[in-house]
Amino acid sequence: MSTYIYAITAADHPQNFEGLSGVGDPAGTIRTVKADKLSAVVSDAPENLRAKRRDLAAHQTVLERLMADGATLPMRFGLVGPDDGSVGYVLEENQDAYAERLSELEGCLEYNLKVARDEDDLLREIISGSEEIQRLRETTIQHPEAQEEKVRLGELVSQEVQAHGEAEGRDIVERLSDGARRHAAAEPTQSHFLNVSFLVGREHAAAFAQAVHEESERHGDAYSFNLNGPLPPYSFV
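Please read all numbers here as calculations on a predicted model, not as lab measurements. (Residues numbered from 1 in each chain as written. Predicted model: local features only at pLDDT ≥ 70, side-chain atom pairs only at ≥ 80, totals over all residues. Heavy atoms only, no water.)

Colleague: With reference to specific residues and values, describe the pattern of salt bridges.
Modeller: According to the stated counting rule, one finds 17 salt bridges in the structure shown. When the shortest N-O distance is used, the salt bridge between Arg-54 and Asp-55 registers 2.8 Å. In this structure, the salt-bridge partner of Arg-117 is Glu-125, at a minimum N-O distance of 2.6 Å. With relative accessibility at 14%, the residue Arg-117 sits in the buried group. On the basis of relative accessible area, Glu-125 is assigned to the partly exposed category, the value being 35%. (Salt bridge = Lys/Arg side-chain N within 4 Å of Asp/Glu carboxyl O. Buried < 20%, exposed > 50% of the residue type's maximum accessible area, 1.4 Å probe, protein only.)

And the structure:
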(Lines give C-alpha, C1' and ligand atoms only; values in the text may rest on other atoms or scores of the structure.)
Protein backbone atom coordinates (compact mmCIF):
# COMPACT_ATOMS: atom_id res chain seq x y z
CA MET A 1 0.00 0.00 0.00
CA SER A 2 1.15 3.57 -0.70
CA THR A 3 2.48 5.66 2.18
CA TYR A 4 1.11 9.07 3.10
CA ILE A 5 3.80 11.41 4.48
CA TYR A 6 3.07 14.13 7.05
CA ALA A 7 6.49 15.30 8.13
CA ILE A 8 10.15 14.53 8.72
CA THR A 9 11.64 14.76 12.20
CA ALA A 10 14.78 13.72 14.02
CA ALA A 11 14.81 10.02 14.94
CA ASP A 12 14.61 10.89 18.65
CA HIS A 13 11.66 13.26 18.24
CA PRO A 14 8.86 12.39 20.72
CA GLN A 15 6.29 10.04 19.19
CA ASN A 16 3.26 11.38 20.98
CA PHE A 17 0.61 10.04 18.60
CA GLU A 18 -2.07 9.14 21.14
CA GLY A 19 -5.46 10.41 20.02
CA LEU A 20 -4.25 11.34 16.54
CA SER A 21 -6.04 10.14 13.44
CA GLY A 22 -4.53 10.10 9.98
CA VAL A 23 -6.08 10.91 6.62
CA GLY A 24 -8.63 8.61 5.02
CA ASP A 25 -11.91 6.98 5.96
CA PRO A 26 -11.40 4.96 8.04
CA ALA A 27 -8.60 7.11 9.40
CA GLY A 28 -5.06 5.83 8.97
CA THR A 29 -2.91 4.91 11.96
CA ILE A 30 0.04 7.24 12.50
CA ARG A 31 3.45 5.55 12.55
CA THR A 32 7.07 6.34 11.70
CA VAL A 33 9.57 5.16 9.11
CA LYS A 34 13.09 5.47 10.51
CA ALA A 35 16.43 5.88 8.76
CA ASP A 36 19.42 6.44 11.02
CA LYS A 37 19.12 10.07 12.25
CA LEU A 38 15.66 10.75 10.82
CA SER A 39 12.06 9.63 10.96
CA ALA A 40 9.20 10.18 8.55
CA VAL A 41 5.77 10.40 10.18
CA VAL A 42 3.37 8.50 7.94
CA SER A 43 0.19 6.46 7.63
CA ASP A 44 -1.33 4.30 4.93
CA ALA A 45 -2.47 6.44 2.00
CA PRO A 46 -6.16 6.12 1.15
CA GLU A 47 -7.21 5.55 -2.43
CA ASN A 48 -8.52 8.56 -4.33
CA LEU A 49 -7.20 11.03 -1.78
CA ARG A 50 -8.91 14.40 -2.03
CA ALA A 51 -8.51 17.67 -0.12
CA LYS A 52 -11.59 17.09 2.04
CA ARG A 53 -12.04 19.15 5.19
CA ARG A 54 -11.66 16.14 7.49
CA ASP A 55 -8.42 15.04 5.85
CA LEU A 56 -6.98 18.56 5.76
CA ALA A 57 -7.77 18.90 9.47
CA ALA A 58 -6.17 15.53 10.24
CA HIS A 59 -3.00 16.51 8.39
CA GLN A 60 -2.81 19.84 10.22
CA THR A 61 -3.44 18.28 13.62
CA VAL A 62 -0.59 15.82 13.16
CA LEU A 63 1.75 18.66 12.24
CA GLU A 64 0.69 20.76 15.22
CA ARG A 65 1.36 17.87 17.60
CA LEU A 66 4.80 17.29 16.09
CA MET A 67 5.72 20.97 16.10
CA ALA A 68 4.78 21.27 19.77
CA ASP A 69 7.41 18.65 20.58
CA GLY A 70 10.30 19.98 18.49
CA ALA A 71 11.69 20.85 15.07
CA THR A 72 9.60 19.44 12.22
CA LEU A 73 9.86 19.53 8.43
CA PRO A 74 6.18 19.65 7.41
CA MET A 75 5.06 18.15 4.12
CA ARG A 76 2.20 19.76 2.24
CA PHE A 77 -1.10 17.93 2.08
CA GLY A 78 -1.21 15.10 -0.43
CA LEU A 79 2.39 13.85 -0.49
CA VAL A 80 2.38 10.08 -1.09
CA GLY A 81 5.25 7.64 -1.51
CA PRO A 82 5.08 4.20 -3.15
CA ASP A 83 5.64 2.38 0.17
CA ASP A 84 7.52 2.58 3.47
CA GLY A 85 10.70 1.19 1.91
CA SER A 86 10.82 3.95 -0.67
CA VAL A 87 10.27 6.60 2.00
CA GLY A 88 13.09 5.15 4.08
CA TYR A 89 15.41 5.15 1.07
CA VAL A 90 14.76 8.83 0.41
CA LEU A 91 15.45 9.63 4.07
CA GLU A 92 18.78 7.82 3.92
CA GLU A 93 19.81 9.47 0.66
CA ASN A 94 19.01 12.97 1.91
CA GLN A 95 19.58 12.66 5.63
CA ASP A 96 22.37 15.26 5.85
CA ALA A 97 20.31 17.93 4.07
CA TYR A 98 17.19 17.13 6.10
CA ALA A 99 19.14 17.13 9.36
CA GLU A 100 20.67 20.51 8.53
CA ARG A 101 17.26 22.00 7.79
CA LEU A 102 15.83 20.58 11.02
CA SER A 103 18.68 22.22 12.91
CA GLU A 104 17.81 25.56 11.28
CA LEU A 105 14.16 25.23 12.33
CA GLU A 106 14.84 24.16 15.91
CA GLY A 107 12.88 26.37 18.29
CA CYS A 108 11.30 28.39 15.47
CA LEU A 109 7.78 29.21 14.30
CA GLU A 110 6.51 30.63 11.03
CA TYR A 111 4.34 33.73 10.85
CA ASN A 112 2.80 35.00 7.64
CA LEU A 113 2.14 38.70 7.18
CA LYS A 114 -0.10 40.16 4.51
CA VAL A 115 -0.46 43.93 4.15
CA ALA A 116 -3.02 45.84 2.10
CA ARG A 117 -3.62 49.53 1.55
CA ASP A 118 -6.87 51.35 0.91
CA GLU A 119 -7.06 51.82 -2.85
CA ASP A 120 -8.47 55.35 -2.75
CA ASP A 121 -5.76 56.46 -0.34
CA LEU A 122 -3.05 55.07 -2.61
CA LEU A 123 -4.53 56.63 -5.74
CA ARG A 124 -4.71 60.03 -4.08
CA GLU A 125 -1.01 59.82 -3.26
CA ILE A 126 -0.11 58.68 -6.77
CA ILE A 127 -2.13 61.43 -8.46
CA SER A 128 -0.81 64.18 -6.20
CA GLY A 129 2.78 63.05 -6.79
CA SER A 130 2.76 62.99 -10.60
CA GLU A 131 2.15 65.99 -12.85
CA GLU A 132 1.93 63.69 -15.88
CA ILE A 133 -0.81 61.60 -14.30
CA GLN A 134 -2.66 64.76 -13.29
CA ARG A 135 -2.44 66.08 -16.87
CA LEU A 136 -3.66 62.83 -18.40
CA ARG A 137 -6.45 62.57 -15.88
CA GLU A 138 -7.71 66.05 -16.71
CA THR A 139 -7.47 65.30 -20.41
CA THR A 140 -9.52 62.12 -20.15
CA ILE A 141 -12.15 63.85 -18.02
CA GLN A 142 -12.53 66.68 -20.53
CA HIS A 143 -12.19 64.40 -23.58
CA PRO A 144 -13.73 60.97 -22.88
CA GLU A 145 -12.98 59.93 -26.47
CA ALA A 146 -9.19 60.29 -25.96
CA GLN A 147 -8.38 56.58 -25.98
CA GLU A 148 -4.59 56.88 -26.24
CA GLU A 149 -4.51 59.12 -23.19
CA LYS A 150 -6.73 56.70 -21.28
CA VAL A 151 -4.42 53.80 -22.08
CA ARG A 152 -1.34 55.80 -21.11
CA LEU A 153 -3.00 56.94 -17.87
CA GLY A 154 -3.85 53.36 -16.96
CA GLU A 155 -0.31 52.22 -17.67
CA LEU A 156 1.25 54.96 -15.53
CA VAL A 157 -1.10 54.38 -12.61
CA SER A 158 -0.48 50.62 -12.76
CA GLN A 159 3.29 51.18 -12.76
CA GLU A 160 3.05 53.52 -9.79
CA VAL A 161 0.83 51.13 -7.83
CA GLN A 162 3.41 48.37 -8.30
CA ALA A 163 6.34 50.65 -7.48
CA HIS A 164 4.68 51.96 -4.33
CA GLY A 165 3.82 48.44 -3.19
CA GLU A 166 7.35 47.17 -3.74
CA ALA A 167 8.93 50.12 -1.94
CA GLU A 168 6.56 49.97 1.01
CA GLY A 169 6.93 46.20 1.22
CA ARG A 170 10.72 46.44 1.37
CA ASP A 171 10.48 49.05 4.12
CA ILE A 172 8.12 46.94 6.23
CA VAL A 173 10.21 43.78 5.85
CA GLU A 174 13.38 45.67 6.75
CA ARG A 175 11.79 47.06 9.91
CA LEU A 176 10.56 43.62 11.03
CA SER A 177 13.54 41.50 10.01
CA ASP A 178 15.50 42.17 13.19
CA GLY A 179 12.89 40.18 15.11
CA ALA A 180 13.14 37.12 12.83
CA ARG A 181 15.84 34.67 11.86
CA ARG A 182 14.82 34.58 8.21
CA HIS A 183 12.08 35.79 5.92
CA ALA A 184 10.67 34.50 2.63
CA ALA A 185 8.64 36.71 0.32
CA ALA A 186 5.81 35.25 -1.74
CA GLU A 187 3.89 36.74 -4.64
CA PRO A 188 1.54 39.55 -3.60
CA THR A 189 -2.13 38.64 -3.66
CA GLN A 190 -4.79 40.53 -5.58
CA SER A 191 -5.67 42.41 -2.40
CA HIS A 192 -2.29 42.63 -0.64
CA PHE A 193 0.87 44.36 -1.82
CA LEU A 194 2.98 42.40 0.68
CA ASN A 195 2.87 38.67 1.36
CA VAL A 196 5.85 37.53 3.42
CA SER A 197 6.64 34.81 5.94
CA PHE A 198 9.02 35.16 8.89
CA LEU A 199 10.86 32.43 10.78
CA VAL A 200 10.76 33.51 14.42
CA GLY A 201 12.28 31.96 17.52
CA ARG A 202 9.65 30.79 20.02
CA GLU A 203 11.11 33.00 22.71
CA HIS A 204 10.73 36.05 20.44
CA ALA A 205 7.21 35.31 19.14
CA ALA A 206 5.42 37.76 21.46
CA ALA A 207 7.93 40.52 20.73
CA PHE A 208 7.57 39.93 16.98
CA ALA A 209 3.77 40.14 17.16
CA GLN A 210 4.13 43.40 19.10
CA ALA A 211 6.50 44.77 16.47
CA VAL A 212 3.94 44.00 13.75
CA HIS A 213 1.26 45.76 15.79
CA GLU A 214 3.47 48.83 16.19
CA GLU A 215 4.22 48.84 12.47
CA SER A 216 0.50 48.71 11.75
CA GLU A 217 -0.10 51.64 14.11
CA ARG A 218 2.69 53.61 12.44
CA HIS A 219 1.09 53.19 9.01
CA GLY A 220 -2.39 54.19 10.12
CA ASP A 221 -5.95 53.27 9.23
CA ALA A 222 -5.38 53.20 5.47
CA TYR A 223 -3.35 50.01 5.91
CA SER A 224 -4.46 46.53 6.94
CA PHE A 225 -1.88 44.23 8.57
CA ASN A 226 -2.93 40.56 8.85
CA LEU A 227 -0.55 38.35 10.84
CA ASN A 228 -1.23 34.61 10.88
CA GLY A 229 0.62 32.06 12.99
CA PRO A 230 2.23 30.14 14.35
CA LEU A 231 2.17 27.99 11.22
CA PRO A 232 4.06 24.92 10.01
CA PRO A 233 7.27 26.33 8.50
CA TYR A 234 6.40 25.43 4.91
CA SER A 235 8.12 28.53 3.57
CA PHE A 236 11.48 27.44 5.00
CA VAL A 237 11.49 23.70 4.18
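Still to come is the rest of the account.
Colleague: Describe the sheet that holds strand β7 (residues 182-185), naming the residues involved and giving the relevant values.
Modeller: One open sheet holds the four strands; their spatial order is β7-β8-β6-β9, and the pairing between them is antiparallel. Each having just a single partner strand, β7 and β9 (223-231) make up the two edges of the open sheet. Adjacent strand axes in the sheet meet at a mean angle of 20° when their direction is disregarded. Those strands touched by helix α6 (residues 147-176) are β6 (108-117), β7, β8 (194-201) and β9, and its axis lies near 10° from that of β8. Where helix α7 (residues 205-219) meets the sheet, it contacts β6, β8 and β9, and its direction lies at approximately 170° from that of β9. (Pairing = 2+ DSSP bridges. Helix = DSSP H or I, 4+ residues; strand = E, 2+ residues; numbered from the N terminus. Axes fitted to C-alpha atoms, helices over the stretch in contact; angles between N-to-C directions. Contact = heavy atoms within 4.5 Å.)

Colleague: I'd like to hear about the nonpolar core, residue by residue, with values.
Modeller: Leu-113, Val-115, Ile-172, Phe-198 and Phe-208 are the most contacted members of the largest nonpolar core, which totals 18 residues. Counting residues per element, the ones that place at least two in this core are β6, α6, β8, α7 and β9. Excluding anything up to four places from it in sequence, Ile-172 contacts Leu-113, Val-115, Phe-193, Leu-194, Glu-215, His-219 and Phe-225. (Core = buried A, V, L, I, M, F, W, Y, C linked by side-chain atoms within 4.5 Å.)

Colleague: Let's hear about helix α3 (residues 95-105): which residues, and what values?
Modeller: Listed in full, the buried residues belonging to α3 are Gln-95, Leu-102 and Leu-105. For α3, the arc enclosing every buried residue in end-on projection is 90°, short of the 170-degree limit, so these residues lie on one face. In this structure, α3 carries Asp-96, Glu-100 and Ser-103 as exposed residues pointing more than 90 degrees from its buried face. Immediately downstream of α3, the backbone of Gly-107 shows phi near 75°, a positive value. (Arc of directions from axis to C-beta.)

Colleague: Describe in detail unusual backbone geometry, supporting the description with residues and values.
Modeller: The omega torsion across Asp-25 and Pro-26 is 5°, close enough to zero to call that bond cis. With respect to the secondary-structure elements, Pro-26 resides in the loop between β1 (3-10) and β2 (31-35). Cis geometry is adopted by the peptide bond preceding Pro-230, which originates at Gly-229 and carries an omega value of 0°. Residue position: Pro-230 is located in strand β9. One non-glycine residue, Asp-36, lies in positive phi territory at about 55°. Considering the arrangement of structural elements, one finds Asp-36 in the loop between β2 and β3 (38-44). Judged by its relative accessible area of 62%, Asp-36 is exposed. Notably, Asn-48 is not glycine yet its phi reads approximately 55°, a positive angle. Relative to the assigned elements, Asn-48 resides in the loop between β3 and α1 (53-68).

Colleague: So what's going on with the packing of aromatic side chains? Which residues, and what values?
Modeller: What the rule picks out here adds up to five aromatic pairs. Between Phe-193 and Tyr-223 the ring centres are 6.3 Å apart and the planes differ by 80°, which places this aromatic pair in the edge-to-face class. Of this pair, Phe-193 sits in the loop between β7 and β8 while Tyr-223 sits in strand β9, and the two are 30 residues apart along the sequence. Each of the two residues, Phe-193 as well as Tyr-223, counts as buried. The structure contains a cluster of three or more aromatic residues connected by ring pairs, namely Tyr-4, Tyr-6 and Phe-77. (Phe/Tyr/Trp six-rings, centres within 6.5 Å; stacked < 30°, edge-to-face > 60°.)

Colleague: Residues and numbers for the packing of helix α4 (residues 119-128) against helix α5 (residues 131-142), please.
Modeller: At their nearest, the axes of α4 and α5 sit 6 Å apart, and the two run at 105° to each other. In terms of orientation, α4 lies roughly perpendicular with respect to α5. Facing Ile-126, Ile-127 and Ser-128 of α4, the residues of α5 in contact are Ile-133, Gln-134 and Arg-137. Along the lines of polarity and charge, the residues of the contact of α4 with α5 split into three nonpolar, two polar and one charged. (Parallel < 35°, antiparallel > 145°, perpendicular 65-115°, else oblique. Nonpolar A, V, L, I, M, F, W, Y, C, P; charged D, E, K, R; others polar.)

Colleague: Can you lay out helix α2 (residues 84-93) for me, pointing to particular residues and giving the numbers?
Modeller: If you check which residues of α2 are buried, you get Val-87, Gly-88 and Leu-91. Angularly, the buried residues of α2 cover 100° about the axis, an arc narrow enough to put them on a single face. When the buried face of α2 is taken as reference, the exposed residues oriented beyond 90 degrees from it are Gly-85, Tyr-89 and Glu-93. In the core, the buried residues of α2 are packed alongside β1, β2, β3 and α3. For α2, the capping residue at the N-terminal end is Asp-83, with a side-chain oxygen 3.2 Å from the backbone nitrogen of Gly-85. (Polar contact = N/O pair within 3.5 Å; in protein donor to acceptor, adjacent residues only side chain to side chain.)

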